[in-house]
Every structure is written in structure tokens, then in C-alpha cells.
Amino acid sequence: MVSGAEASLPGRQRREPPPFRRAVVARRSPLGGRLVRVTLAGPELEGFPVPPPAASVRVLLPSPGSALVVPVWTGNEYLLPEGRRPVLRTLTPRAVDPERAVLELDVLVHGEGAASQWAAGATVGSPVAVSGPGRGAVLDPGASAYLVAGDETALAAVAQLLECLPATTAVTVVLETAEPGATVALPGHPGADVRWVVLPPGARPGDALVRAVVETGIEPGTALWAAGEAAAMQRLRRHLFDELGLARSGAAVRGYWKMGRAGDVESTGAPQAPPPGG
Ligand SMILES: Cc1cc2nc3c(=O)[nH]c(=O)nc-3n(C[C@H](O)[C@H](O)[C@H](O)COP(=O)(O)OP(=O)(O)OC[C@H]3O[C@@H](n4cnc5c(N)ncnc54)[C@H](O)[C@@H]3O)c2cc1C
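Residues numbered from 1 in each chain as written. Predicted model: local features only at pLDDT ≥ 70, side-chain atom pairs only at ≥ 80, totals over all residues.

As a further point, take the environment of Thr123. Relative to the elements of secondary structure, Thr123 occurs in the loop between α2 (114-121) and β9 (127-134). The exposure class of Thr123 is exposed, given the 8 C-beta atoms found within 10 Å. (Helix = DSSP H or I, 4+ residues; strand = E, 2+ residues; numbered from the N terminus. Buried ≥ 20, exposed ≤ 12 C-beta atoms within 10 Å, placed from the backbone.)

Given below as C-alpha cells:
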């Protein structure tokens with residue numbers, strides 16, 4: 001795995017991500033909770049590869065007050081012609097229809113932040129571009145049960161996992177919202193037990209989620225997928241791998257955003273490196 005620090009060493013070349021495909025906002029609809037579904041459309045989305053569940057796309061947003069300019073890959077990062085970094089955010093392609101040339105994103109409106117503000121106010125017809133997809137979850141067909149945990153940024157991925165996991169698999173889903181009542185309907189799964197926890201005011205993001213996962217416990221044979229704030233996911237990894245001694249191969253734990261840091265968990269604009277444990 002290439003860490004963020006290693007990746008930005010001078011001279012290091014990184015694999016060029018898939019090219020950006022231009023599109024426009026075709027629809028914006030509230031999904032419930034703090035999520036907004038933004039539907040992108042445009043002929044360049046034709047043939048967009050249908051990703052596995054919990055995959056990612058890099059979304060290029062217009063810089064404030066500017067037209068959308070597709071950046072150039074320098075060998076290590078994307079840069080705009082005048083040398084500035086573009087506004088790029090990582091989101092989950094919730095649905096992709098390569099024939100209709102449509103791609104849907106479920107975006108959390110959390111307040112400040114380019115993606116949040118874009119989802120809250122993007123007008124139909126406004127330009128955007130996407131690159132991807134990046135890797136997604138590899139489901140374990142041998143797992144007797146699944147524990148799926150995430151905050152509101154992970155809801156699109158969690159919904160996809162519920163759509164893909166076999167109907168015979170027992171799935172415990174633990175979700176954290178930072179706003180009481182801001183829950184979202186998820187796809188039905190006959191084996192799913194969905195539990196929402198609310199982050200108390202002033203608590204660190206992910207605290208309620210990590211506590212709920214710890215209290216739920218993990219039976220042998222259970223596979224785990226979790227995503228949320230990076231430091232919370234680090235606390236979860238410590239619990240799972242250091243305290244419980246769980247095999248890293250049975251769990252994928254992904255930092256999706258970092259408290260106090262704008263932009264991606266990996267900031268160079270390069271493709272995401274595989275997270276520890278998947
Ligand atoms: C693989 C992957 C898939 C993802 N899928 C989705 C998705 O489908 N939908 C989605 O909404 N997000 C998703 N995310 C998370 C998203 O990329 C980050 O939340 C991103 O920081 C949002 O960008 P922004 O421009 O709104 O805020 P930024 O400009 O990045 O950040 C501005 C400020 O807001 C804070 N902030 C960022 N996110 C949150 C948050 N969730 N709650 C509170 N404060 C926050 C930052 O710490 C910073 O202080 C995904 C991330 C990854 C790595």
C-alpha cells in the first residue's frame with residue numbers, strides 16, 4: 001500500500017486514474033435525513049463500468065466562480081492549468097446505468113464543504129465530471145453473518161451491500177447519525193437488523209458508532225464492513241484487530257473523511273490506495 005506521505009514524494013509516479021467524463025446535474029432530490037440524491041447525466045457517461053458495491057468515484061466540482069475545467073494528470077496528482085489543485089471529492093456511485101448514461105450520488109449535506117454545498121444547491125444543467133470507478137467491497141461468500149457499520153457518508157455503500165448480500169445471510173447494520181431523526185430508508189433485506197445510533201452533541205464523530213459495534217460483539221464467522229470518520233475507524237481497527245485479535249482478512253474498515261480536514265482522506269487527487277483490511 002502506498003501511504004499519502006509516500007505518494008507525494010518527489011519523483012514518485014502513480015498510476016493514472018480513469019479519465020474524467022463530463023456530465024451535468026440532471027436531478028436533485030432529497031432522500032430523507034441529511035442526504036440528497038444528485039443524478040448526473042450526459043453522453044460521456046455511456047459505458048461507465050458498473051461498479052461492485054461500496055466502490056468510489058472522484059467527482060470534479062467547479063471551483064467557486066469558475067467554469068468546470070478538467071485537470072491534467074501530472075504523474076502524481078491532478079492539477080489545473082494554472083497549477084492549482086482542482087476541487088475533487090470521493091463519493092459512492094450509488095447507481096450506474098451505462099446505457100442511459102446516468103450516474104447517481106447520495107451526498108451528505110453536513111454544512112461547510114464543497115461537496116456538501118454542491119449537493120445542497122446544484123442547479124439542473126450545471127457541469128460536473130467523474131472519474132472511476134475505484135475499487136469496491138469484495139463480499140465473503142463463506143461468511144455466516146455480516147456486521148455492516150457506517151456513518152451518514154456510508155449510507156450509499158451500506159444500501160448497496162444490503163442489495164448484494166445473499167437473502168440467507170444475517171446482517172446486523174449499525175448506523176450513526178449526527179442529527180436525531182435524520183434516518184434514511186434502506187433497501188429491504190430479509191436477514192437485516194438495522195440499528196441507528198445518534199451521536200451526542202460534542203462527541204467525537206464515530207464515537208456512538210464504535211461503541212455500538214463494540215457492544216454488538218462479533219461472533220466467529222462474521223465478516224465486517226465499516227466506514228466513517230478516519231480517527232473513529234482507527235479506534236475501531238484497534239478494537240477489532242489488537243484487542244479482539246480478529247483476522248484482518250475478515251474485515252474492511254475504511255476512513256471516509258477526516259474531522260477538520262477538507263478534501264479527501266488522501267489529498268493528492270490520485271487513485272485511492274487499498275485501505276488496511278480491504
Ligand atoms: C470511498 C469513499 C466513498 C464515499 N462516499 C460518500 C458518499 O456516497 N456520500 C457522501 O456524502 N460522502 C461520501 N464519502 C465521504 C466524503 O468524501 C467526505 O465526507 C468529504 O470530505 C465531503 O466533502 P465536502 O466537500 O462536503 O467537505 P470537505 O471540504 O472535504 O470538508 C470541509 C469540512 O467538513 C468536514 N466534514 C467532511 N465530511 C464531513 C461529515 N461527513 N460530517 C461532518 N463534517 C464533515 C471536514 O472535516 C472539514 O472540516 C466517501 C468517501 C470515500 C473515501
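Here we take up the site of the ligand. Around the ligand sit 25 residues, and of these Thr92, Leu108, Gly113, Trp257 and Ala262 come closest. Where the shell around the ligand is concerned, the elements lending two or more residues are β6 (87-91), β8 (102-108), α2 and β14 (251-257). Residues that form the shell around the ligand fall into these classes: 11 nonpolar, 9 polar and 5 charged. For the shell around the ligand, the two domains that each supply at least three residues are domain 1 (4-133) and domain 2 (145-257). (Near = placed C-beta within 6 Å. Nonpolar A, V, L, I, M, F, W, Y, C, P; charged D, E, K, R; others polar. Domains from an automatic or database assignment.)

Time to look at the domain arrangement of the chain. Domain assignment breaks the chain into domain 1 (4-133) and domain 2 (145-257). The distance between the C-alpha centroids of domain 1 and domain 2 comes to 25 Å. Opposite the 11 residues of domain 1 that make contact, domain 2 presents 16 residues. Listed by contribution, the elements that provide at least two residues to the side of domain 1 that touches domain 2 are β1 (21-32) and β8. (Contact = placed C-beta atoms within 7 Å.)

Along helix α4 (residues 207-216), the residues classified as buried are Ala208, Leu209, Val210 and Val213. Residues of α4 that are buried sit in contact with β10 (145-150), β11 (170-177), β12 (192-198), β13 (222-229) and α5 (230-243). Gly217, located one to two residues past α4, shows a positive phi value of around 75°.

Taking strand neighbours across the sheet as the criterion, the 5 strands line up as β12-β11-β10-β13-β14 in an open arrangement whose pairing is parallel. Sheet topology places β12 and β14 at the edges, where each strand pairs with a single neighbour. Recorded for the sheet is a direction-independent mean angle of 10° between the axes of neighbouring strands. Direction of pairing for β11 relative to β12: parallel, over a ladder of 7 bridges. Paired with Val174 across the bridge in β12 is Arg195. Contacts from α4 reach β10, β11, β12 and β13 within the one sheet, and its direction differs from that of β11 by about 155°. (Pairing = 2+ DSSP bridges. Axes fitted to C-alpha atoms, helices over the stretch in contact; angles between N-to-C directions.)

At a minimum axis separation of 9 Å, α4 and α5 run at an interaxial angle of 20°. When the axis of α4 is compared with that of α5, the two are roughly parallel. Of the two possible hands of crossing, α4 and α5 adopt the one that is right-handed. Side by side, α4 and α5 meet where Asp207, Leu209, Val210, Val213 and Val214 of the first sit next to Ala232, Arg235, Leu236 and His239 of the second. (Parallel < 35°, antiparallel > 145°, perpendicular 65-115°, else oblique. Left-handed = near helix turned anticlockwise from the far one by under 90°.)

As for its placement among the helices and strands, Thr222 is situated in strand β13. What makes Thr222 buried here is the crowd of 21 C-beta atoms within 10 Å. Note: C-alpha distance between Thr222 and Leu35 (187 residues apart in sequence) is 29 Å. Beyond its immediate stretch of four places on either side in the chain, Thr222 contacts Ala143, Ser144, Ala145, Tyr146 and Leu147.

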